[in-house]
Protein chains: 2
Amino acid sequence: MSTEVTRFDYQQMLQWADDCLQQSGASGEIARNVAFYLLEGDLLGYSTHGLIRLLNNCQWLQRGDSLSKGQPLTLSERAAVAHWDAQHLPGPYVVPQAIEAAVTMAKNAGTGTIVIRRSQHIAALASYLSLATEQGMVVSLMCSTPGQRAVAPFGSKQAVFSPNPFAVGVPSSTTPLLLDMSFSMTAAGKVRQAKANGEKLPYQALVTADGEWTDDPATFFAEPASAIAPLGGEKLGYKGYGLTLYSEILTMALSQYGRRQGSDDGDANSVWVQVIDPSAFGEQKAFIEQVDDLINDCRGAAPISAQQPVRIPGERGLGLKQQQLKSGLEYSDATLKVLRRCSEFTGVAMPGSKA
Amino acid sequence: MSTEVTRFDYQQMLQWADDCLQQSGASGEIARNVAFYLLEGDLLGYSTHGLIRLLNNCQWLQRGDSLSKGQPLTLSERAAVAHWDAQHLPGPYVVPQAIEAAVTMAKNAGTGTIVIRRSQHIAALASYLSLATEQGMVVSLMCSTPGQRAVAPFGSKQAVFSPNPFAVGVPSSTTPLLLDMSFSMTAAGKVRQAKANGEKLPYQALVTADGEWTDDPATFFAEPASAIAPLGGEKLGYKGYGLTLYSEILTMALSQYGRRQGSDDGDANSVWVQVIDPSAFGEQKAFIEQVDDLINDCRGAAPISAQQPVRIPGERGLGLKQQQLKSGLEYSDATLKVLRRCSEFTGVAMPGSKA
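Residues numbered from 1 in each chain as written. Chains lettered and ligands numbered in written order. Predicted model: local features only at pLDDT ≥ 70, side-chain atom pairs only at ≥ 80, totals over all residues. Heavy atoms only, no water.

Re the side chain of T186(B)
- Summarising the element assignment, T186(B) is placed in the loop between β7 (177-182) and α6 (188-196).
- On the accessibility criterion, T186(B) (7% relative accessible area) is buried. (Helix = DSSP H or I, 4+ residues; strand = E, 2+ residues; numbered from the N terminus. Buried < 20%, exposed > 50% of the residue type's maximum accessible area, 1.4 Å probe, protein only.)

Focus: the sheet that holds strand β7 (residues 177-182) of chain A
Residues and elements named next belong to chain A.
- Strand order in the open sheet formed by seven strands is β2-β3-β4-β11-β5-β6-β7, and the pairing between neighbours is mixed. The sheet is open, and its two edges are formed by β2 (73-78) and β7, each paired on a single side. Direction aside, the axes of adjacent strands within the sheet are offset by 10 degrees on average.
- Pairing analysis gives seven bridges linking strand β5 (residues 138-144) to strand β11 (residues 269-276), with the strands arranged antiparallel. (Pairing = 2+ DSSP bridges. Axes fitted to C-alpha atoms, helices over the stretch in contact; angles between N-to-C directions.)

Notes on the interface of chain A and chain B
- The interface of chain A with chain B comprises 91 residues on the first partner and 91 residues on the second.
- Carbon and sulfur atoms make up 66% of the area that chain A and chain B hide from each other, which totals about 7,100 Å².
- Our count for the chain A to chain B interface comes out at eight salt bridges.
- A salt bridge links D297(B) to R149(A), with the nearest nitrogen and oxygen atoms 3.1 Å apart.
- At the surface where chain A touches chain B, the tally comes to 42 residue pairs in polar contact (both at pLDDT 80 or more).
- With 15 residues, helix α7 (residues 233-255) of chain A is the largest single contributor of residues to the side of chain A that touches chain B.
- Split into classes, the residues belonging to the side of chain A that touches chain B amount to 53 nonpolar, 23 polar and 15 charged. (Contact = heavy atoms within 4.5 Å. Buried area = accessible area lost by both parts, 1.4 Å probe. Salt bridge = Lys/Arg side-chain N within 4 Å of Asp/Glu carboxyl O. Polar contact = N/O pair within 3.5 Å; in protein donor to acceptor, adjacent residues only side chain to side chain. Nonpolar A, V, L, I, M, F, W, Y, C, P; charged D, E, K, R; others polar.)

Quick look at the relation of the copies chain A and chain B
- Each copy superposes on the other: chain A lies on chain B with an RMSD of 0.0 Å after a rotation of 180 degrees and an axial shift of 0.0 Å. Read as a symmetry element, the transformation amounts to a two-fold axis. In terms of proximity to the rotation axis, the leading residue of chain A is G232(A), whose C-alpha is 2.7 Å off the axis.
- When the interface residues of chain A are mapped onto chain B, 100% of them are again interface residues, pointing to one common binding face. (Least-squares fit on C-alpha atoms with pLDDT ≥ 70 in both.)

Here is the structure:
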């Protein structure tokens with residue numbers, strides 16, 4: 001496994017990604033948003049959902065699989081909810097708008113919920129959370145992929161679900177809590193990454209077509225393929241299975257964009273966005289104190305290993321972001337290979353690396 | 001382990017529990033609700049949160065730890081949310097009211113969310129879900145216990161959190177999906193049950209004060225005590241840890257009733273109730289079809305073991321309910337012992353068992 005990284009200036013990479021997207025047909029506003037949120041994924045350490053997905057985004061725009069201009073349609077709404085059809089607009093353009101609309105609803109009604117059908121791939125959910133937490137709001141995001149079957153129900157060896165992520169942002173008196181996880185034992189991107197690096201997975205996260213548990217990522221690309229097991233594994237996988245069903249109901253079923261509608265739509269997502277205004281329930285200051293109490297209780301809990309104190313969700317990512325903004329974005333050789341292909345595809349020269 | 005069960009007529013046990021509660025000071029309406037929802041827990045198979053908790057409920061009423069009459073106070077509200085102070089009214093009296101109020105909000109605003117502080121113990125979350133699903137609504141429930149520390153953050157050997165349950169109800173064209181799970185590797189009630197039965201836990205769900213993983217329930221009652229690990233265990237416990245934080249933020253932090261306020265309040269809960277009206281997003285019929293599609297995909301997925309087809313959350317519980325309504329409620333000897341103590345405590349004679 002290569003641990004070499006090459007560093008690039010953040011502003012230069014942002015401009016390059018923006019240029020690639022505009023070259024592929026995106027409007028200025030769409031290009032700006034997609035570039036910004038893909039880079040935000042890298043900054044926070046979600047490298048499988050960062051700029052490595054720029055090439056896909058450019059290809060989708062050129063092919064017409066992503067809509068290059070326009071706005072989501074509102075299909076229905078009430079005081080605290082709306083249903084949007086994104087018409088395959090890029091996720092990083094649609095989701096920030098949905099969060100802003102949900103924040104406005106939450107200020108009036110206490111919560112705001114937007115479900116979105118036909119959003120093109122929305123990349124790293126963690127990238128969007130600070131849009132809400134900076135306004136003192138709690139936000140939860142979920143998405144699923146009607147065109148993807150990768151995760152098996154508990155007790156099954158056959159993939160039914162997509163590897164659905166769940167993200168939560170919560171303001172505190174210091175840095176926000178940022179949570180971004182899948183309800184399965186691993187993400188499809190991590191299986192791809194392990195295979196590309198010639199590595200095993202760090203634990204048995206897959207069930208083969210023969211019903212055997214394995215850590216071999218090659219089985220996931222075999223025919224018949226292995227399936228990712230739900231969170232909880234062999235004993236407690238009924239919990240991850242339940243959470244995955246919950247996620248697909250709040251995304252696909254509410255947006256009425258499930259596998260019967262979107263099975264040919266590639267990486268396009270059904271999305272759930274919910275914003276909660278804590279000040280609807282009492283003083284905002286008292287809410288923040290409660291969050292601080294929880295964080296402090298966790299920080300103070302005795303670690304199993306003295307060398308590994310308890311971590312707070314988001315603190316590592318936010319630290320990585322500060323470091324990369326200062327010293328440069330870090331890309332592995334495997335990611336650089338994809339970025340160079342994107343440069344060729346779009347004809348836009350990549351910036352040079354930092355010294 | 002004793003697998004003996006004794007059977008009792010449902011109506012007779014309902015009347016007995018109602019009489020015990022009234023004898024302990026509960027108003028007629030409170031007694032009726034607490035008796036009904038404790039029995040609902042038993043019917044659905046949640047025996048650690050069923051009538052075995054009747055004695056506690058009677059004791060709390062007699063001691064004044066539960067409020068025996070009255071209504072929750074509304075502390076704040078907006079179109080789609082409310083914050084209630086239950087003033088220690090019994091959970092099985094407060095939660096159904098909260099679901100009904102949330103259903104009304106959801107019909108108007110698309111969703112309805114009630115957070116509740118100082119609800120006395122709310123027993124099995126699964127018991128309440130059909131109140132919403134029978135009206136075509138999706139419901140999610142969470143609760144936490146400010147007076148309880150049983151679950152460690154990921155990487156810690158020290159308990160910080162309560163073993164917070166999460167429940168979801170979703171209507172389908174047949175029986176509803178009913179999910180009720182904890183975000184930890186096991187529930188405190190199951191550790192107690194294993195210890196009482198002289199059994200080990202079925203897997204290593206606990207971390208001792210020395211930082212060792214164990215399946216020995218006795219360690220949980222030792223001094224210093226072991227802690228329950230979050231869902232995901234040694235490798236993926238950061239997921240269960242994140243979900244537990246999420247749960248305590250939406251219950252304790254939003255209701256502003258956390259460990260600084262409620263550490264001496266025993267089993268009293270902070271509660272999250274959210275109802276979603278699927279018809280706010282599109283045709284109800286199309287939503288139900290989406291849920292049916294998901295259920296059918298799961299049922300059709302090839303099982304690892306041909307003898308164990310994939311199960312749908314709730315179907316086993318609902319089957320058990322039908323069976324017990326017909327053949328009688330089934331109680332183990334350990335539960336019967338607690339019921340007899342409740343009979344002595346209240347002076348209300350228990351019904352005889354079924355032949």
